[in-house]
Amino acid sequence: MKTVLFGAVLAIAGGFVSCSDDDFDPTIFDTHEYPLDKTAYTFPLDTFLKENFLKPYNLRYIYRMEDIGSDLQKNLVPATYEKSMQLAVLSKYLWFDVYKMFGGETFLKENSPRIIHLVGSPAYNPTSGTETLGTAEGGLKITLYKVNVLDVNNIDLMNEYFFHVMHHEFAHILDQTHQRPTTVFDIISNGHYDPLDWQNKHDSVTAGWGFVTPYASEAAREDWVETLSCYLTNDEDTWNRLLESAHYDWEDVDFKDVAFYFYPADITWLSGKGVIFLKDGEEISSDELSQLKKTGGTFFGSDFTFSSSSNLDQSSVYARYVSSRECNIDSIGYIFPQQNGDFHMVRKGISRNANGLAVVDADGNVDFGNLDAGGSDGIDGTAIILQKLALVRTWMQEYYNINIDEMRYEIQSRQYARNEDGSFKRDANGRYINNLTLQRADGSSIMQDLLWEVLKYRQ
């Protein structure tokens with residue numbers, strides 16, 4: 001074996017004897033530009049990707065799933081052509097064009113990934129019970145999953161599955177180029193990071209500790225990029241709700257340890273108001289749980305109870321609850337399923353008596369502790385989140401000359417319709433209006449304009 005290898009080296013060396021430096025080509029790779037097949041059904045999208053990603057940024061936007069670039073340990077399916085086209089134009093409009101506007105084209109050429117790989121299906125992690133929405137590999141490649149559920153009519157879903165992930169993974173790339181202020185940032189929440197069990201933490205609990213999401217509590221590096229991506233993609237209502245929730249202390253209680261406080265008459269009355277009661281040992285299906293979360297997921301007294309109606313008058317139910325049980329009340333909470341199939345109740349921390357019941361003052365108000373001093377645990381989650389955001393804001397301005405407040409407004413202005421004074425429009429239910437699919441007077445929409453940038457290449 002040694003003889004063969006030695007001979008091979010000599011042969012190679014001998015082959016280079018007559019060469020000079022002038023004989024070397026600029027690159028060993030094939031740089032020939034092969035024309036696209038104009039007869040192919042995918043020619044319009046292929047051309048769009050070439051003109052808008054490959055040429056300006058040397059970025060391969062791969063929507064035909066490649067085995068060699070995929071996680072072979074997971075069952076994955078490719079993204080459809082239609083969904084790939086929608087995500088491609090939205091990626092340019094809501095991500096690349098915005099960063100180009102505030103960071104400049106040179107910034108994108110220097111920092112953008114070299115590959116974006118689309119996968120149609122989710123990427124489940126059976127050992128941890130989690131779902132991977134995206135990955136960034138060495139600052140070179142970003143993989144986006146679940147593309148086939150893309151719904152241009154649902155901005156919340158798009159932000160959760162795609163644009164939050166894009167900004168998250170891109171922030172990792174930026175952090176690799178100019179590292180975050182670790183000596184300051186990484187110690188703010190030191191002691192509360194949990195790399196092994198973060199997925200079993202409710203977002204209210206982690207918000208109370210100063211994290212924008214449960215995943216942010218996994219490690220400081222994830223905390224940093226989650227803070228940036230959440231701020232950019234959370235609309236003002238969502239962001240303010242996060243800060244309000246973070247102001248309270250939250251506790252995670254096993255439902256088996258929670259007393260069931262309602263009288264039969266209360267159950268009858270509340271059931272008529274759209275509240276669902278589960279008896280001890282009963283379980284709720286994942287579909288039912290998902291639906292309840294969409295409509296508030298609020299319950300009173302224990303995690304046996306859910307509000308299943310978005311029209312439920314929460315104040316009147318709470319008032320009846322207080323008057324019926326006098327001081328035997330509890331704080332509002334949420335059911336939270338665990339990986340092992342159990343259910344926990346997450347509720348605001350309040351003063352309780354020896355029986356675990358709420359202690360109220362003479363006016364019937366629940367005592368949440370001195371929240372301005374951080375409540376019972378001394379941690380003001382709102383202040384911590386804002387402290388972290390300030391560090392991110394300064395870092396982005398100092399190293400990349402990007403004002404994230406202005407960029408956030410631009411991103412959300414592209415997503416949501418605005419009034420003439422610059423405020424965001426709301427529908428009859430108080431929700432922001434989707435600007436991408438909003439029909440103009442002529443019946444067209446921004447989404448149609450974006451798709452035309454692909455379809456114009458049809459032969």
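Structure shown above.
Helix H3 (residues 81–103) packs onto helix H2 (residues 43–57) with a crossing angle of 25° between their chain directions and a minimal axis gap of 11 Å. When the interaxial angle is binned, H2 and H3 end up roughly parallel. In terms of crossing hand, the pair formed by H2 and H3 is left-handed. Residue-level contacts link Pro44, Leu45, Phe48, Leu49, Asn52, Phe53 and Tyr57 of H2 to Tyr81, Ser84, Met85, Ala88, Val89, Ser91, Lys92, Phe96 and Lys100 of H3. Considering only residue class, the contact of H2 with H3 consists of eleven nonpolar, three polar and two charged.

Quick look at the packing of aromatic side chains now. The final tally for this structure, using the stated rule, is 25 aromatic pairs. On the numbers, 5.8 Å between centres and 80° between planes, the contact of Phe424 with Tyr432 is edge-to-face. Across the pair, Tyr432 and Phe424 agree in class, each one buried. The side chain of Arg414 reaches across the aromatic face of Tyr93, ending 4.7 Å from its centre.

For the rest of this paragraph, the subject is the nonpolar core. Within the largest apolar cluster, 78 residues are counted, with the highest numbers of intra-cluster contacts made by Leu87, Leu90, Tyr99 and Met396. Top element by residues in this core is H3. It accounts for 13 residues. Those residues within four positions of Tyr99 in sequence are excluded, and the remaining contacts are Gly104, Phe107, Leu108, His167, Phe170, Leu232, Met396, Ile402 and Met407.

Bringing the pairing of strand E2 (residues 115–118) into the picture now. Pairing geometry for strand E1 (residues 60–62) and E2, over three bridges, is parallel. Of the residues in E2, the one forming a bridge with Tyr61 is Ile116.

Criteria and thresholds
Residues numbered from 1 in each chain as written. Predicted model: local features only at pLDDT ≥ 70, side-chain atom pairs only at ≥ 80, totals over all residues. Heavy atoms only, no water. Axes fitted to C-alpha atoms, helices over the stretch in contact; angles between N-to-C directions. Helix = DSSP H or I, 4+ residues; strand = E, 2+ residues; numbered from the N terminus. Parallel < 35°, antiparallel > 145°, perpendicular 65-115°, else oblique. Left-handed = near helix turned anticlockwise from the far one by under 90°. Contact = heavy atoms within 4.5 Å. Nonpolar A, V, L, I, M, F, W, Y, C, P; charged D, E, K, R; others polar. Phe/Tyr/Trp six-rings, centres within 6.5 Å; stacked < 30°, edge-to-face > 60°. Buried < 20%, exposed > 50% of the residue type's maximum accessible area, 1.4 Å probe, protein only. Lys NZ or Arg CZ within 6 Å of the ring centre and 35° of its normal. Core = buried A, V, L, I, M, F, W, Y, C linked by side-chain atoms within 4.5 Å. Pairing = 2+ DSSP bridges.

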